[in-house]
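Fold and geometry: a report
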Amino acid sequence: MTVQHDLFIAYSRKNSRFINRLVEDLKSYHVDVWLDTIELEVGDLVSLKIEEAIEKSRYFCIAISPAALASYYVRQVEFESAFTVMTRDQRESFILPILVQPVADKLPARLDGRHYLDFTRRNRYSENVRKISRKVRLHSDDFSGSRWYKSLEISSLGQPTGIGALTQVAPTGSSYCIYWDKGVVDRVDVFQNANLINYKKFGYDDRGRVVENRMYSPDGKGGWHVEEDVWYYTYHPQTGRRWKKYMKYDGARSGRELTYNEHGRQTEENIITESGDPDTSYGYARKVFEYTDDDSVIEHWYDYDGDLIQVVDSRKQSA
């Protein structure tokens, strides 16, 4: 049967927050994940769709937790289907266990003795994500070529990531063509209404994470010149996730420093000046970002004296 997905993840809904984060990070390594909340549609026969998806996946990942081990669907439907595929097709490494919460009970006999990745140790999170991506072989060190996407972002693990796959340049709106050279993004061409308007080049650290993001634009003479604004990235020494992002225009006396939490969400934005003198051209000195239960964002703007000057609520803007 034709493989349609790189990875099927079996998990308990009680671990949804962690799994959603993991899926987004795996996407940054171009891993195509089958997840029930994304793939299932109203009216689908759940057990049938799950069995079909497992059959058509390159690997099966089971997220082990007390809730998962107690789940009928995880153990009796998903895991049993995966075990059948593994034994029938003689795919010994088809099942990839990951531990997302400590468990007191003994693992099922068919999992006992199988090596698993321990995600309960936070300082191993980013390395474990890379191990999964290497295992499914999609982010191969040998891959060279290009792909089209609707948008681009630098993931919290420092990988240039295409969002929304396209088959070719979009006739209207934005589109991005990402070029890989032996598994590393070498360049990204940026198009608007099918016209090339600029391109991006990246600098990487010794762990393959983006530390510098430069943009090049037409110089009006048939060539290209580097833009003045350059983004610089730093990563947390424990988690390996993006910690800060700093942008400064060449020759400017101040820059913007963005700070992120362990979930990749922006928490603060500060205007940093080399001289220490306030730069009031931005209209603020600091922003603090608050996230509501429905994932809306509330921005609190402060001046250089620390006084609150404005509150921007995304819920009111979209109303």
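What counts, and where the lines are drawn
- Residues numbered from 1 in each chain as written.
- Predicted model: local features only at pLDDT ≥ 70, side-chain atom pairs only at ≥ 80, totals over all residues.
- Heavy atoms only, no water.
- Buried < 20%, exposed > 50% of the residue type's maximum accessible area, 1.4 Å probe, protein only.
- Helix = DSSP H or I, 4+ residues; strand = E, 2+ residues; numbered from the N terminus.
- Pairing = 2+ DSSP bridges.
- Salt bridge = Lys/Arg side-chain N within 4 Å of Asp/Glu carboxyl O.
- Core = buried A, V, L, I, M, F, W, Y, C linked by side-chain atoms within 4.5 Å.
- Contact = heavy atoms within 4.5 Å.
- Polar contact = N/O pair within 3.5 Å; in protein donor to acceptor, adjacent residues only side chain to side chain.
- pLDDT = per-residue confidence, 0-100.
- Expected span 1.5 Å × (residues − 1).
- Phe/Tyr/Trp six-rings, centres within 6.5 Å; stacked < 30°, edge-to-face > 60°.
- Lys NZ or Arg CZ within 6 Å of the ring centre and 35° of its normal.

This part covers the pairing of strand β13 (residues 229-235). With five of seven residues buried, β13 is to be regarded as a mostly interior element. Here strand β11 (residues 210-218) pairs with β13 via two bridges, running antiparallel. If you follow Asn213 over to β13, its bridge partner there is Trp231. Where β13 meets strand β14 (residues 242-249), seven bridges bridge the pair, whose relative direction is antiparallel. Each bridged residue has a counterpart across the sheet, and for Tyr232 the counterpart in β14 is Tyr246. In sequence, β13 turns back onto β14 through a hairpin of six residues, with Gly240 there showing a positive phi of about 75 degrees.

Strand order in the open sheet made by the five strands is β2-β1-β3-β4-β5, with parallel pairing throughout. Looking at the sheet topology across the chains shown, the edges are occupied by β2 (33-34) and β5 (117-118).

Another aspect to go through is the pattern of salt bridges. For the structure shown, the criterion picks out twelve salt bridges. Across the pair Asp6 and Arg58 runs a salt bridge, and its minimum N-O distance is 2.2 Å. Of the two residues, Asp6 is situated in strand β1 (residues 5-10) and Arg58 in strand β3 (residues 57-64); the sequence distance between them amounts to 52 residues. Taking relative accessible area as the criterion, Asp6 reaches 6% and is therefore assigned buried. On the accessibility criterion, Arg58 (31% relative accessible area) is partly exposed. With a closest N to O distance of 3.4 Å, Asp186 and Lys201 form a salt bridge. In this pair, Asp186 sits in strand β9 (residues 184-192) while Lys201 sits in strand β10 (residues 195-204), placing the two residues 15 residues apart along the sequence.

Turning next to the environment of Gly113. By secondary structure assignment, the location of Gly113 is in the loop between β4 (95-99) and β5. Distance from Gly113 to Asp205, taken between C-alpha atoms, is 36 Å for residues 92 residues apart in sequence.

Below, the discussion takes up the pairing of β4. Extensive coverage of β4 is indicated by the burial of five of its five residues. Residues Ile95, Pro97 and Leu99 line one face of β4 and the alternating positions Leu96 and Ile98 line the opposite face, and both faces are buried.

One finds Leu7, Ile9, Leu22, Leu26, Ile98 and Phe119 to be the most contacted residues of the largest nonpolar core, which totals 25 residues. Where this core is concerned, the elements lending two or more residues are β1, α1 (16-27), β3, β4 and α6 (125-136). In terms of residue count, α1 provides more of this core than any other element does, five residues in total. Leaving out residues up to four positions away in the same chain, Leu7 has contacts with Leu26, Val31, Asp32, Val33, Trp34, Ser57, Tyr59, Phe60, Cys61, Leu96, Ile132 and Val136.

What follows deals with the environment of Gln101. Here Gln101 lies in the loop between β4 and β5. When residues no more than four places from it in sequence are discounted, the contact partners of Gln101 are Asn15, Ile64, Ser65, Pro66 and Thr120. Among the polar contacts made by the side chain of Gln101, one reaches the side chain of Asn15 at a distance of 3.4 Å.

Further remarks concern the confidence of the model for the protein chain. Residues with a pLDDT of 70 or more make up 91% of the protein chain, whose mean pLDDT is 84. When mean pLDDT is taken per element in the protein chain, β10 scores highest with 95 and helix α2 (residues 36-39) scores lowest with 60.

This paragraph deals with unusual backbone geometry. Within the chain, Asn193 stands out as a residue other than glycine whose phi angle is a positive 55 degrees. Considering the arrangement of structural elements, one finds Asn193 in the loop between β9 and β10. One non-glycine residue, Ala194, adopts positive backbone phi at about 70 degrees.

With that settled, the discussion passes to α1. Given 3.6 residues per helical turn, the α-helix brings residues three or four places apart onto the same face. For α1, spanning twelve residues, the distance from its first C-alpha to its last is 16 Å, which sits close to the expected 16 Å at 1.5 Å a residue. Those residues of α1 not exposed but buried are Ser16, Phe18, Ile19, Arg21, Leu22, Val23, Asp25 and Leu26. In the core, the buried residues of α1 are packed alongside β1, β2, β3, β4 and α6.

Here the focus is the packing of aromatic side chains. Throughout the structure, instances matching the rule amount to 14 aromatic pairs. Look at Tyr72 and Tyr73: their rings are 5.9 Å apart centre to centre, the planes differ by 80 degrees, and that puts the pair in the edge-to-face class. Where Tyr284 meets Trp301, the ring centres are 5.0 Å apart and the plane angle is 55 degrees; that geometry is what we call tilted. Of the two residues, Tyr284 sits in the loop between β16 (266-273) and β17 (286-291) while Trp301 sits in strand β18 (residues 297-302), which places them 17 residues apart along the sequence. Among the aromatic side chains, those forming a connected cluster through ring pairs are Phe8, Trp34, Phe60 and Phe94. Here Arg21 stacks its cationic end above the ring of Tyr125, 4.0 Å away from the centre of that ring. Over the ring of Tyr302 we find Arg286; its NZ or CZ atom is 5.6 Å from the centre of that ring.

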